Protein chains: 2
Amino acid sequence: MTAHAHPELTKNQSLVFGSLSDAGGPLTAYAILDLLREDGFRAPLQVYRALDKLVEYGMVHRLESLNAFVACAHTGCSAHGAAAFAICEQCGDVIEFTPDEALKGLNDWAGAQDFTLARMTIELRGTCGACKSKAV
Amino acid sequence: MTAHAHPELTKNQSLVFGSLSDAGGPLTAYAILDLLREDGFRAPLQVYRALDKLVEYGMVHRLESLNAFVACAHTGCSAHGAAAFAICEQCGDVIEFTPDEALKGLNDWAGAQDFTLARMTIELRGTCGACKSKAV
DNA sequence: GAGTTTTATGTAATAATATAACGCGGTCTC
DNA sequence: GAGACCGCGTTATATTATTACATAAAACTC
Ligand SMILES: [Zn+2]
Ligand SMILES: [Zn+2]
Ligand SMILES: [Zn+2]
Ligand SMILES: [Zn+2]
């Protein structure tokens, strides 16, 4: 049993998670809504409610700097305490990683300040290696 | 001359920066607009355009997880390469700091991945020491 | 200094993102 | 079966941000 164990997904949660997994990258809530209209979705709230739960379960991450959501890159999910994301501004690719050294530094700072951490957002913006290669 | 030298502020930029400085904490663009209506502001774009410049000059930071803006805590500004923010979810206070160890870790990761960094977002959410003391 | 480009501005309209409020139906407990 | 809880559907609304177009001020060129 892990820290992020979660119950079976409901129908809507499965559909939303499926959209994100299939996309293989970030989607906005409204993009998900459009993808799921043929499955009966009609209103943003159906997407947001499912996303809330999926984020709670650790299966989906919210990218604050994009106002978008992405399926967790770790197969079983719940494998990591906190995740960081590198977002390529050329191709839109998102790489999820666990920045151990950074997390240690930030946790140390919080401890020294008597700041109790609930969650962290770490997002890098720039250009990925593949896009730099392609550039003339 | 620093990396973030900037020209004299225009009237609108000064008003927006003044609002943020006086507030001593984060404000949304629309909150700034309401504060500046008596100074003649009528439309969101007047705020957003000023904020764009102030962020470019390094005098204001955008808090992605709040969709809000805050005046840089460093008197002269431009003193830091990248900033991190600890946001207390109880009192709303924001503490800006420079997480050297975390920055080193993230820069190292980017170097190893051949990812060219343009900017970073580091935001901690939780409860500050003062609020924990107050709690019964 | 006239002509040109750049930058800042004003205003209206709209787009994109997110939540509030209400009611309904299922499931679980007692 | 009453009560609590959860997920769901729907409508309406709130919040955040940008597009489009016109005007004005400043900076730069010759
Ligand atoms: Zn993850
Ligand atoms: Zn790329
Ligand atoms: Zn700063
Ligand atoms: Zn606090």
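Residues numbered from 1 in each chain as written. Chains lettered and ligands numbered in written order. Predicted model: local features only at pLDDT ≥ 70, side-chain atom pairs only at ≥ 80, totals over all residues. Heavy atoms only, no water.

Caption draft 1: Here's a closer look at the coordination of the zinc ion (ligand 2). All names here are of chain A. Distances from the zinc ion (ligand 2) to its protein donors, Cys88 (SG), Cys91 (SG), Cys128 (SG) and Cys131 (SG), fall at 2.2 to 2.3 Å. Coordination at the zinc ion (ligand 2) comes from four donor atoms whose angles at the metal span 106 to 116°, giving a geometry best classed as tetrahedral. Mapping the donors of the zinc ion (ligand 2) onto the primary sequence gives the spacing C-x2-C-x36-C-x2-C. (Donors = N, O, S within 2.8 Å, 3.2 Å for Na, K, Ca; no water. Tetrahedral: all angles 85-135°; square planar, octahedral: opposite > 155°, others 65-115°.)

Caption draft 2: The pattern of salt bridges, seen in detail. All names here are of chain A. Applying the stated rule across the entire model yields 14 salt bridges over all chains. Ionic pairing is found between glutamate 89 and arginine 125, a salt bridge with its closest N-O pair at 3.4 Å. On the criterion of sequence distance, the pair formed by glutamate 89 in the loop between strand 3 (84–88) and strand 4 (94–97) and arginine 125 in strand 5 (residues 116–127) is long-range, its members being 36 residues apart. A relative accessible area of 39% means that glutamate 89 is categorised as partly exposed. Within this structure, Arg62, Glu64 and Arg119 form a network of salt bridges that share partners. (Salt bridge = Lys/Arg side-chain N within 4 Å of Asp/Glu carboxyl O. Helix = DSSP H or I, 4+ residues; strand = E, 2+ residues; numbered from the N terminus. Buried < 20%, exposed > 50% of the residue type's maximum accessible area, 1.4 Å probe, protein only.)

Caption draft 3: Representation of the environment of tyrosine 30 of chain B within the structure. Relative to the helices and strands, tyrosine 30 of chain B is located in helix 2 (residues 29–35). The spacing of tyrosine 30 of chain B and valine 47 of chain B is 17 residues in sequence and 7.9 Å in space, taken between C-alpha atoms.

Caption draft 4: How the structure looks around the protein's contact with DNA strand D. Around DNA strand D lies a shell of 15 residues, among which Thr10, Gln46 and Arg49 of chain A together with Tyr30 and Arg62 of chain B are the nearest. In DNA strand D, atoms within 4 Å of the protein come from the sugar-phosphate backbone in 44% of cases. Side-chain polar atom of threonine 10 of chain A to a phosphate oxygen of DNA strand D: 2.8 Å apart, as the coordinates give it. One of the side-chain N or O atoms of tyrosine 30 of chain B is found 2.7 Å from a base nitrogen in DNA strand D. Tallying contributions element by element places helix 3 (residues 44–56) of chain A first for the surface near DNA strand D, with four residues. (Near = heavy atom within 4 Å. Polar contact = N/O pair within 3.5 Å; in protein donor to acceptor, adjacent residues only side chain to side chain.)

Caption draft 5: The nonpolar core, seen in detail. One finds Leu106, Phe115 and Leu124 of chain A together with Leu106, Phe115 and Leu124 of chain B to be the most contacted residues of the largest nonpolar core, which totals 32 residues. Secondary-structure elements contributing two or more residues to this core are strand 3, helix 4 (100–113) and strand 5 of chain A together with strand 3 (84–88), helix 4 (100–113) and strand 5 (116–127) of chain B. (Core = buried A, V, L, I, M, F, W, Y, C linked by side-chain atoms within 4.5 Å.)

Caption draft 6: Focus on unusual backbone geometry. One non-glycine residue, asparagine 67 of chain A, lies in positive phi territory at about 50°. With respect to the helices, strands and loops of the structure, asparagine 67 of chain A is situated in the loop between strand 1 (60–63) and strand 2 (68–71). Owing to a relative accessible area of 39%, asparagine 67 of chain A belongs among the partly exposed residues under this scheme. In this structure, aspartate 114 of chain B is a non-glycine residue whose phi angle is positive, near 60°. Tracing the sequence through the fold places aspartate 114 of chain B in the loop between helix 4 and strand 5.

Caption draft 7: Representation of the interface of chain B and chain A. At the interface, 34 residues of chain B touch 34 residues of chain A. Note on chain B versus chain A: buried area summed over both sides is about 2900 Å², and carbon and sulfur give 60% of it. In this assembly, chain B and chain A are joined by two salt bridges. For lysine 132 of chain A, the salt bridge is made with aspartate 114 of chain B, and the minimal N-O distance between the two is 2.8 Å. Summed over the shared surface of chain B and chain A, the result is 14 residue pairs in polar contact (both at pLDDT 80 or more). Residue assignment for the side of chain B that touches chain A shows that the elements contributing at least two residues are strand 3, strand 4 (94–97), helix 4, strand 5 and helix 5 (129–134) of chain B. It is strand 5 of chain B that contributes the most residues to the side of chain B that touches chain A, twelve residues altogether. Residues of the side of chain B that touches chain A, tallied by class, amount to 16 nonpolar, eight polar and ten charged. (Contact = heavy atoms within 4.5 Å. Buried area = accessible area lost by both parts, 1.4 Å probe. Nonpolar A, V, L, I, M, F, W, Y, C, P; charged D, E, K, R; others polar.)

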